[in-house]
Amino acid sequence: DTSLKVLGLTYLITFLHVTFDFLAFKNDIGFFRGRETYEGLSSRSLLSSFVCSLIIFLYLLDNDYTSRIVLTSCGVSTLIEGWKAKRVSKATVRWRFLLPWVMS
């Protein structure tokens with residue numbers, strides 16, 4: 001009887017977490033999509049946030065015991081962080097001599 005209550009509570013918390021993640025992603029994309037200028041936003045902080053998210057995602061991807069729900073949430077968050085960093089910095093990647101070069 002107790003394990004059924006714990007299972008139900010776990011499902012409820014998972015559902016709420018996924019719902020709040022979705023709402024946060026939606027608001028984050030809406031904030032950056034509606035902007036023409038990014039005054040006051042630091043491109044370096046957004047880039048460092050993307051790198052940190054990417055390292056965490058790769059670590060979770062390497063771990064065999066990571067839940068698919070956590071992996072999906074972290075992966076989507078990493079993609080959004082990368083999109084924000086690219087959008088604010090207006091960086092482009094050029095391939096020269098078979099190596100990627102980042103141009104501002």
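Our structure is the block above this text.
Throughout, a residue's number is its position along its own chain's written sequence, starting from 1. With pLDDT at 70 or above as the cut-off, local features in this predicted model cover only qualifying residues; side-chain atom pairs require 80 or more to be listed or tallied, and sums for whole chains, interfaces and linings still use all residues. Only hydrogens and water are set aside when side-chain values are computed; all heavy atoms of the structure are taken into account.

**Structural notes on the packing of aromatic side chains**
The geometry of an aromatic ring pair comes down to the distance between the two centres and the angle between the two planes.
Now for step 1: Pairing of aromatic rings covers Phe, Tyr and Trp, the last counted by its six-membered ring, and requires centre-to-centre distances within 6.5 Å; plane angles under 30 degrees mean stacked, over 60 mean edge-to-face, and any other angle means tilted. The tally for this structure, following the rule as stated, stands at 2 aromatic pairs.
Now for step 2: Plain terms: the ring middles of phenylalanine 31 and phenylalanine 32 are 5.2 Å apart, the flat faces sit at 85 degrees to each other, and that makes the pair edge-to-face.
Now for step 3: Put simply, the rings of Phe31, Phe32 and Tyr38 pair up and form one aromatic cluster.

**Considering helix α1 (residues 2–33)**
Now for step 1: Spanning 32 residues, α1 covers 46 Å between terminal C-alpha atoms, matching the ideal 46 Å at 1.5 Å per step.
Now for step 2: Summary of the burial criterion: residues with accessible area below 20% of their type's maximum are buried, those above 50% are exposed, and those between are partly exposed, where the area comes from a 1.4 Å probe applied to protein chains only. Elements are defined by DSSP. Helices are runs of H or I of four residues or more, strands are runs of E of two residues or more, and each kind is numbered from the N terminus. Three or more residues of α1 are buried, namely Asp21, Phe25 and Phe32.
Now for step 3: By definition, residues are in contact when any of their heavy atoms lie within 4.5 Å. Lining the buried residues of α1 we find α2 (43–62) and α3 (68–89). Every helix has an expected span of 1.5 Å times one less than the residues it contains.

**Quick word on the side chain of serine 73**
Now for step 1: Along the chain, the position of serine 73 falls in helix α3.
Now for step 2: In this structure the side chain of serine 73 is engaged in a polar contact, spanning 2.6 Å, whose partner is the side chain of aspartate 21.
Now for step 3: Other than its neighbours up to four places away in sequence, serine 73 contacts Asp21 and Phe25. Polar contact is defined as a pair of N or O atoms within 3.5 Å, subject to the rule that within protein one atom must be able to donate a hydrogen and the other to accept it, and that residues adjacent in sequence are counted only when both atoms are side-chain atoms.

**What to know about the environment of asparagine 63**
Now for step 1: You can see asparagine 63 is positioned in the loop between α2 and α3.
Now for step 2: Taking the relative accessible area as the measure of exposure, asparagine 63 reaches 30% and is therefore partly exposed.
Now for step 3: Along the chain, asparagine 63 and threonine 37 lie 26 residues apart, while their C-alpha atoms are 39 Å from each other.
Now for step 4: Of the polar contacts made by the side chain of asparagine 63, one reaches the backbone nitrogen of tyrosine 65; its length is 3.2 Å.

**Side note on unusual backbone geometry**
Now for step 1: One non-glycine residue, phenylalanine 97, adopts positive backbone phi at about 55 degrees.
Now for step 2: Residue position: phenylalanine 97 is located in the loop between β1 (92–96) and β2 (99–103).
Now for step 3: Classification of phenylalanine 97 as exposed rests on a relative accessible area of 75%.
Now for step 4: For leucine 98, which is not glycine, the phi dihedral falls at a positive 65 degrees.
Now for step 5: You can see leucine 98 is positioned in the loop between β1 and β2.
Now for step 6: When its relative accessible area of 79% is taken as the criterion, leucine 98 is described as exposed.

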